[in-house]
Structures are given as C-alpha cells and as structure tokens.
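For reference, the chains in residue letters:
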Amino acid sequence: MEKINIIHSTFCPLPIENIDTDQIIPARFLKATTKDGFGKNLFRDWKYENDDETKPKAEFILNQPQYQGQILVAGKNFGCGSSREHAAWSLLDFGFNVIVSSFFADIFKSNALNNGVIPVQVSEPFLEKIFQFSHDATLTINLTEQKITIDATGEYELFDINNYKKNSLLNGYDDIDYLISVKDEIKAFENRY
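Residues numbered from 1 in each chain as written. Predicted model: local features only at pLDDT ≥ 70, side-chain atom pairs only at ≥ 80, totals over all residues. Heavy atoms only, no water.

J.: Any chance you could explain the environment of K47 here in plain terms?
T.: Along the chain, the position of K47 falls in helix α2 (residues 44–47). The class of K47 is buried, set by a relative accessible area of 5%. In the structure, K47 is positioned 33 residues away from C80 in sequence and 20 Å away in space, judged by C-alpha atoms. Residue contacts for K47: discarding those within four places in its chain leaves G39, K40, L42, K55, P56, K57, F60, N63 and F94. (Helix = DSSP H or I, 4+ residues; strand = E, 2+ residues; numbered from the N terminus. Buried < 20%, exposed > 50% of the residue type's maximum accessible area, 1.4 Å probe, protein only. Contact = heavy atoms within 4.5 Å.)

Set out below in structure tokens:
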C-alpha cells in the first residue's frame, strides 16, 4: 500500500443515504480475484442507461467532469449490505483514497482500512456543511492529526480511527508488511521463552 498522511483534494458529493455494497459494485462484477479493474464498474448501475457504457447518465455525479478528486463525500450509512471487499477495491481503483460520511457499516469500514481507503466519519451537521460547497471546493484530511478541514472556511472536525490501522496507513503497511516491520521484536520475544 502507499503511505498516506495528508490528502488535499476536491471532492465528489454523493448526498445519498444507505448506499450499499451492491450499489457500489454490483455482484455481477465480482468474478475477478485481483483488485485491478474494479474502478470502471464503480456505481455501474447509476452511471449508465441499461448497463450500456455508450449511454452515460449525464446527471450522475461521477459522469460530470467538474467533479473529480480523491475524496468521495456520501450520505449516512455508507457501505451497508453484504460484506464484499470488492467495494473498497472499486473505490480505490477509481481513485478515491478517502470516503466521508456521517456513518459507515462496520464491515465496510474494516475492508476500506485494510485496502488503503480512509473512512472519515463526521457529524451530520458537518457533513451538511460540506455538501453546501461547489465542485471546486477542497477538503484536507490530516491522518496524523485525525482532522478533516473544509479549506474554504477553515472549519474542521476530528475523526476516530483504529490506532493500528492509522499506523499502517501512515507507513504504507498491510498486515504482512507490519509483521515484517516488527520481526526483530517477534524474534526477541520468541528467544525469551
């Protein structure tokens, strides 16, 4: 995984509540066993008319060129539904490193963190403030300080994150990388007993 500390980016607003993992990546696209290529099918049923790639829905936010960036801001209860890890894969493959919402499903949150996507949970009033900004507005996510800032106003909120996952993201570690990083400590512990 890549190291993540500060992400400063425009964002894509998706003010829809209860976005489930089947909406994020429909089940018919779960046949692959590697993480590559899932981004093209992110929100597939919302992006195209009748599943036809030649007929993008102009009103859908990800089809509008002015909305780009590494941050997706979504409504409450993002990632509910089935526990497919492919949802996190598709978001990351599309280019999102951060998802902001006022609530995340627990399994989605865990899958996101395991795959290098930061789920930033904010209060509902703060989420509504973010949705008030236009396509060129930016947010800054500071992982070290666990802080999200609306750059236009300087308003911010702190967010919670598991310390182990935070350390892993800051260092670019997956679980195996972490174990390798502490192998000398593990050997020292083994030698004591």
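J.: Is there a simple way to explain the sheet that holds strand β4 (residues 118–121) in this structure?
T.: Think of a sheet as strands paired side by side through backbone hydrogen bonds, with each pair either parallel or antiparallel. With respect to topology, 7 strands assemble into an open sheet ordered β4-β3-β2-β1-β5-β6-β7, the strand pairing being mixed. Single-partner strands in this sheet number two, and they are β4 and β7 (156–158). Averaged over all pairs of adjacent strands, the angle between their axes in this sheet comes to 25°, without regard to strand direction. One ladder, built from 5 bridges, connects strand β1 (residues 6–14) with strand β5 (residues 138–142); its direction is antiparallel. Across the sheet, residue H8 finds its bridge partner in β5, namely T140. (Pairing = 2+ DSSP bridges. Axes fitted to C-alpha atoms, helices over the stretch in contact; angles between N-to-C directions.)

J.: It is not clear to me how the layout of surface pockets should be interpreted in this structure. Could you clarify?
T.: Over the atoms rolls a probe the size of a water molecule, and in doing so it shows where empty space is left. The space that makes up the largest pocket amounts to roughly 230 Å³. The wall of the largest pocket is formed by 13 residues, among which E2, L92, N97, N115 and G116 lie closest to the centre. Among the residues forming the lining of the largest pocket, the class breakdown is 4 nonpolar, 5 polar and 4 charged. (1 Å grid on protein atoms, 1.4 Å probe; cavity = no way out; pocket = protein on both sides within 12 Å on 5 of 7 lines; lining within 4 Å. Points joined across faces, edges and corners; volume = space filled by probe spheres on them. Nonpolar A, V, L, I, M, F, W, Y, C, P; charged D, E, K, R; others polar.)

J.: Can you walk me through the packing of helix α3 (residues 86–94) against helix α4 (residues 106–114) in this structure?
T.: Each pair of packed helices can be summarised by the angle the axes make with each other and by the distance between the axes. As a packed pair, α3 and α4 sit with axes 8 Å apart at the nearest point and diverge in direction by 50°. Here α4 runs oblique to α3, going by the angle between their axes. The handedness of the crossing between α3 and α4 comes out as right-handed. In this structure, α3 uses A87, A88 and L91 to contact α4, whose residues at the interface are F108, N111 and A112. Residues of the contact of α3 with α4, tallied by class, amount to 5 nonpolar, 1 polar and no charged. (Parallel < 35°, antiparallel > 145°, perpendicular 65-115°, else oblique. Left-handed = near helix turned anticlockwise from the far one by under 90°.)

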